[in-house]
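These are the residues of each chain, in order.
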Protein chains: 2
Amino acid sequence: MRIIIDAFGGDNAPDEIIKGCRLAADELHVQIVLTGDEKKIRAAAEKLNVNVSDFEIIDCPDVITMEDEPTAITRAKKQSSMAVGLRALAEGKGDAFASAGNSGALVVGATLLVKRIKGVKRVAFAPLMPKSEGFFMLADGGANNECRPEMLEQFGMMGSVYMQKVMGVQKPRIGLANVGTEPHKGGELQHAAFALLSENKDVHFIGNIEARDIPFDAADVVVCDGFTGNILLKMYEGVAMALMNKFKAVFKKSLKNKLAAAMVLNDMKAMKKELDYNEYGGAPILGCSKPIFKVHGSAKASTLKNAIALTVKYAESGIISEITAALQNEKTENTNE
Amino acid sequence: MRIIIDAFGGDNAPDEIIKGCRLAADELHVQIVLTGDEKKIRAAAEKLNVNVSDFEIIDCPDVITMEDEPTAITRAKKQSSMAVGLRALAEGKGDAFASAGNSGALVVGATLLVKRIKGVKRVAFAPLMPKSEGFFMLADGGANNECRPEMLEQFGMMGSVYMQKVMGVQKPRIGLANVGTEPHKGGELQHAAFALLSENKDVHFIGNIEARDIPFDAADVVVCDGFTGNILLKMYEGVAMALMNKFKAVFKKSLKNKLAAAMVLNDMKAMKKELDYNEYGGAPILGCSKPIFKVHGSAKASTLKNAIALTVKYAESGIISEITAALQNEKTENTNE
């Protein structure tokens, strides 16, 4: 399996990317294809004393930054490591692509340079986030601010396939993020999406779920429009960070408290790690015709390696053909009606 | 000042309501008007040994439950303690109304039985929530699933007046909840609301804010549609609860950890109290022609007393005439244009 990696995506590029790719090549036995300024990659590798002799490097001069507009990927930043990587994927120079760079640009590039699966209305940015036990998928986590009900239905179906095939959840429970659990709750979008998901035989739809229950075990896939998804994702991060700060302040308040902190330090660290979805590596872009994985921007080498492992699983699992088939079936059913 | 209180609203009614009203009457020197089944109120007061001889009681047989549809307030549950209290407010039998009951019904009742301020398009349910220091107001926190841009502008203006007059914030910062800070972020609703808020001279609009920053000190009033507000509010609750559970589990894990927990117990309790917005009492209904305050459903006597203190402040502050004047000015300006 050949995995194309954006060498200049994320806060710790290219050093941690190069190190992470080495780990992946050694431990996962994948062929690495790096995109980016070859001179800089080779210089960094030499400085880090990392062997990159077995990596293929596709040389390109530019980088998409976090400040760039997503659409730059097809315009001013056509020669960026991300754009070149996506085109290489489209051309079959690798089996999957992963980047820790600008999420918006990755979503636009996935749609315009690699293209959607036939019948998919919109790709979803679908991060995995911690719940009381394990993880849930948020679809859409922010790719599409405004959605039609059919898009939400597809997010549910695609998320279900992913959770089953990559995360090993037997019968993923698909929930619709809403302001109450009763079927009539929410606005027009939620009403129509509820009806579509209820009738879809490919998903195990469990109905509306409230935001309050999401961090517990409300569902395996939380379906919503991208605006709501972004709010959910960032509120999760914000509240968790704010609360952690409050706890830290308590632990630093007095000598006695510092002593108490030292006593629980290891268990606290383990708990924090469990909650830290950065540890989990990132988010697949669902609905694209080839596997694309968004790695968390702050990823270090080991996180990148985990993300590459998930990217490999995404590519090997046959998710894309399963989604294609499900959409084909649905089309046939609708035509027969 | 006469405050009308729904004796049968909330999880702990009527006992904690009666006790809280006694505290309020004694400490805040307000006249209490209770609505609800008089026999039951008197029986509960006797059992609790609480003197209610100076309370006025408006006898009515029914109660709106949490399961009732909000619209029941003008239909099947016309004789409920909430409906009767709202009508009493409309008829001038008191200066303000507070209830710990069904929020949806309270919003519908505020609009249909008490009526909006002339020019207000929708009332907002506007809870106060903790941030890194102090509190912010969420407007709308869930009264209106679908909003037009002008409604969001009004929520910002009304929230600004409230934060200034009741909470003593000098120049409240009004932020628009969005998926990024740049002006072009979000969907049509956010674009149009951004433009309106930017031009409004009555508010100190600081632009878009991301959900990640809300629990920190991003703004004093967070403006959004009610669907987004409900998601923000409940995600806040859910993540905080989930994280607290994780911490509790760590503290119970071993004898050593239990000892550490005992050492920080008081400081943890103080921190938790700081975060607990139930302590703060509740949410004003903004835009109604008379002051209505939603008390948290789980309120006990002391929380109810705090909520009554805020209700008094709401009634005394002249907020409603200030909002009326601001809308009048705006109308004149628009006519002159």
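How each quantity is defined
Residues numbered from 1 in each chain as written. Chains lettered and ligands numbered in written order. Predicted model: local features only at pLDDT ≥ 70, side-chain atom pairs only at ≥ 80, totals over all residues. Heavy atoms only, no water. 1 Å grid on protein atoms, 1.4 Å probe; cavity = no way out; pocket = protein on both sides within 12 Å on 5 of 7 lines; lining within 4 Å. Points joined across faces, edges and corners; volume = space filled by probe spheres on them. Helix = DSSP H or I, 4+ residues; strand = E, 2+ residues; numbered from the N terminus. Nonpolar A, V, L, I, M, F, W, Y, C, P; charged D, E, K, R; others polar. Axes fitted to C-alpha atoms, helices over the stretch in contact; angles between N-to-C directions. Parallel < 35°, antiparallel > 145°, perpendicular 65-115°, else oblique. Left-handed = near helix turned anticlockwise from the far one by under 90°. Contact = heavy atoms within 4.5 Å. Buried < 20%, exposed > 50% of the residue type's maximum accessible area, 1.4 Å probe, protein only. Arc of directions from axis to C-beta. Domains from an automatic or database assignment. Buried area = accessible area lost by both parts, 1.4 Å probe. Salt bridge = Lys/Arg side-chain N within 4 Å of Asp/Glu carboxyl O. Polar contact = N/O pair within 3.5 Å; in protein donor to acceptor, adjacent residues only side chain to side chain. Pairing = 2+ DSSP bridges.

> Residues and numbers for the layout of surface pockets, please.
Of the voids in this model, the second largest pocket is the one considered here, and its volume is about 1400 Å³. As for the second largest pocket, its lining consists of 46 residues, of which A:Lys185, B:Ser103, B:Gly104, B:Asn230 and B:Lys234 are closest to the centre. Of all elements in the fold, only helix H4 (103-114), helix H7 (226-251), strand E11 (282-286) and strand E12 (292-295) of chain B reach the threshold of two or more residues within the lining of the second largest pocket. Among the elements that make up the lining of the second largest pocket, the one with the highest residue count is H7(B) (five residues). Here the lining of the second largest pocket is built from residues that sort into 14 nonpolar, 21 polar and 11 charged.

> Outline the packing of helix H7 (residues 226-251) of chain A against helix H8 (residues 255-275) of chain A, supporting the account with residue identities and numerical values.
Between two packed helices, both the angle of their axes relative to each other and the distance between the axes serve to describe the pair. All names here are of chain A. Between H7 and H8, whose axes approach to 10 Å, the crossing angle comes to 165°. The orientation of H7 with respect to H8, classified from their angle, is roughly antiparallel. As for the relative orientation of H7 and H8, their crossing is left-handed in sense. For the pair H7 and H8, contact is made by Tyr 236, Met 244, Lys 248, Val 250 and Phe 251 and by Asn 257, Lys 258, Ala 260, Ala 261, Val 264, Met 268, Met 271, Lys 272 and Leu 275, respectively. Classifying every residue of the contact of H7 with H8 by side-chain character gives 10 nonpolar, one polar and three charged.

> Mind laying out helix H2 (residues 38-48) of chain A, listing which residues take part and the relevant values?
Owing to its 3.6 residues per turn, the α-helix brings residues three or four apart onto one side. All names here are of chain A. Among all positions of H2, only Ile 41, Ala 44 and Ala 45 are buried. All buried residues of H2 project into a common sector of 100° when viewed along the axis, lining one side. Among the exposed residues of H2, those oriented more than 90 degrees off its buried face are Lys 39, Glu 46 and Lys 47. Against helix H1 (15-28), strand E2 (31-36) and strand E3 (56-59) lie the buried residues of H2. Just past H2, the residue Asn 49 takes up positive phi, approximately 60°.

> If you had to explain the domain arrangement of chain A to someone new, which residues and values would you point to?
Residue and element names in this part refer to chain A. When its domains are assigned, chain A resolves into domain 1 (1-120 + 287-337) and domain 2 (131-277). The distance between the C-alpha centroids of domain 1 and domain 2 comes to 25 Å. Between domain 1 and domain 2, the buried area comes to about 1300 Å², and carbon and sulfur atoms account for 65% of it. Among the residues domain 1 hides against domain 2, the three largest losses belong to Ile 319, Glu 322 and Ile 323. Together they make up 30% of the total. One can count one salt bridge joining domain 1 with domain 2. Here domain 1 is connected to domain 2 by three residue pairs in polar contact (both at pLDDT 80 or more). The leading source of residues in the side of domain 1 that touches domain 2 is helix H10 (residues 319-336), at seven residues.

> So what about the pairing of strand E7 (residues 135-139) of chain B? Which residues, and what values?
Residue and element names in this part refer to chain B. The buried count for E7 comes to five of five residues, which makes it a mostly enclosed element. The side-chain alternation of E7 yields two buried faces, one formed by Phe 135, Met 137 and Ala 139 and the other by Phe 136 and Leu 138. Bridge analysis of strand E6 (residues 128-130) against E7 gives three bridges, and the strand direction is antiparallel. Across the sheet, Met 129 pairs through a bridge with Phe 136, a residue of E7. Here E6 folds back onto E7, and the loop between the two strands holds four residues, one of which, Gly 134, carries a positive phi near 75°. Here E7 runs beside strand E10 (residues 221-223); their pairing, made up of three bridges, is parallel. Paired with Ala 139 across the two strands is Val 223, which belongs to E10.

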